[in-house]
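Chain and residue survey
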Amino acid sequence: MYILLLKCFYYWIIIQYFVQITTSSSGHDNPKSCAPSSCGEIRNISYPFRLKTDPIRCGLAEYELSCENNTTSIYFHSQKYLVQVINYHNYTIRLTDVAVLNEDSCSFPNHSLSATDFIDTRHTFNKKRYYAFRPTKTWPITFISCPYPINNTQHSLLLDTSQYCSDGFNESNSRHKYIKFGPLNGSSIMDMCRIDLMVMTSLNLTYKNEGLVLSNLSQVHSCLVYGFELSVLILRCGSYCQD
């Protein structure tokens, strides 16, 4: 009799375990059961993203978005970035620096953010899913300042911003400020010059291997307003991935 009771208790535990799994996967714990949220122009905020006001089960904490003044934003390294587009077909999100203003071509990002900032950062891992942000199709924009003017004939890839903006990305007005689109090499940085800011854009401007000859500041401003695209890598996500 005692052995029979133990067997019954054992089978009861097994049944309860499978009932719990079935309920959690098809019921309220399944993020697919969450209705999409919206904020401003971003109308479809769903897993793995969620708003701060959404239930915890509807997304991952690492992809929590804020909705302030009807604009959607996310934070990287305590810096705020505005969400322009979320694409669930290829799992990408496009962001712009909050300091860049559409109507002000002399507004520049306040902080650097490049592809190297996304190496082994902001990721989660468990048995069912692995997500991580990675830049996709991005090109660097480097802001350089020098204590002396640069010879344009020798450094044609540098755009002198002093003719466009009285203030710039460097607080010292005594330094000459330049912008380079494209990868850096040893000849890009002259003696006594320094890199003040390095950002990225996904706006595809055609350029040669050494970089793009910028003709005016509006080109740079267009890149900054467009922003940069990040992919949300989904290596393993169980049944939560969208088809």
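Residues numbered from 1 in each chain as written. Predicted model: local features only at pLDDT ≥ 70, side-chain atom pairs only at ≥ 80, totals over all residues. Heavy atoms only, no water.

Under an unreviewed UniProt entry, the name given to the protein chain is Wall-associated receptor kinase galacturonan-binding domain-containing protein, and the organism recorded is Erythranthe guttata. Reading the Subcellular location (unreviewed entry) entry of the UniProt record for the protein chain gives the comment "Membrane". (UniProt positions renumbered as here; feature names shortened; annotations may be inferred.)

1. Quick notes on the side chain of D97
Looking at the element boundaries, D97 is found in strand β7 (residues 92-97). For the buried D97, no salt bridge is present, and the opposite-charge side chain at shortest range is K80, 10 Å distant. Here D97 is in contact with Y81, P109, N110 and H111, once residues within four sequence places are set aside. (Helix = DSSP H or I, 4+ residues; strand = E, 2+ residues; numbered from the N terminus. Buried < 20%, exposed > 50% of the residue type's maximum accessible area, 1.4 Å probe, protein only. Lys, Arg positive; Asp, Glu negative; His and termini not counted. Salt bridge = Lys/Arg side-chain N within 4 Å of Asp/Glu carboxyl O. Contact = heavy atoms within 4.5 Å.)

2. Digging into the environment of H221
Relative to the helices and strands, H221 resides in helix α2 (residues 217-226). Among the residues examined, H221 registers a relative accessible area of 10% and is labelled buried. Separated by 121 residues in the primary sequence, H221 and V100 place their C-alpha atoms 8.3 Å from one another.

3. Quick look at the sheet that holds strand β13 (residues 194-201)
Taken together, the four strands give an open sheet; going across it, the order is β11-β12-β10-β13, and neighbouring strands pair in antiparallel fashion. Two strands in the sheet have a free side with no partner beyond their single neighbour: β11 (158-160) and β13. Each adjacent strand pair in this sheet contributes to an overall mean axis angle of 25°, direction not counted. Summarising the sheet, strand β10 (residues 139-146) and strand β12 (residues 176-181) pair through six bridges and their orientation is antiparallel. Each residue of the ladder has a partner; that of I144, found in β12, is Y178. (Pairing = 2+ DSSP bridges. Axes fitted to C-alpha atoms, helices over the stretch in contact; angles between N-to-C directions.)

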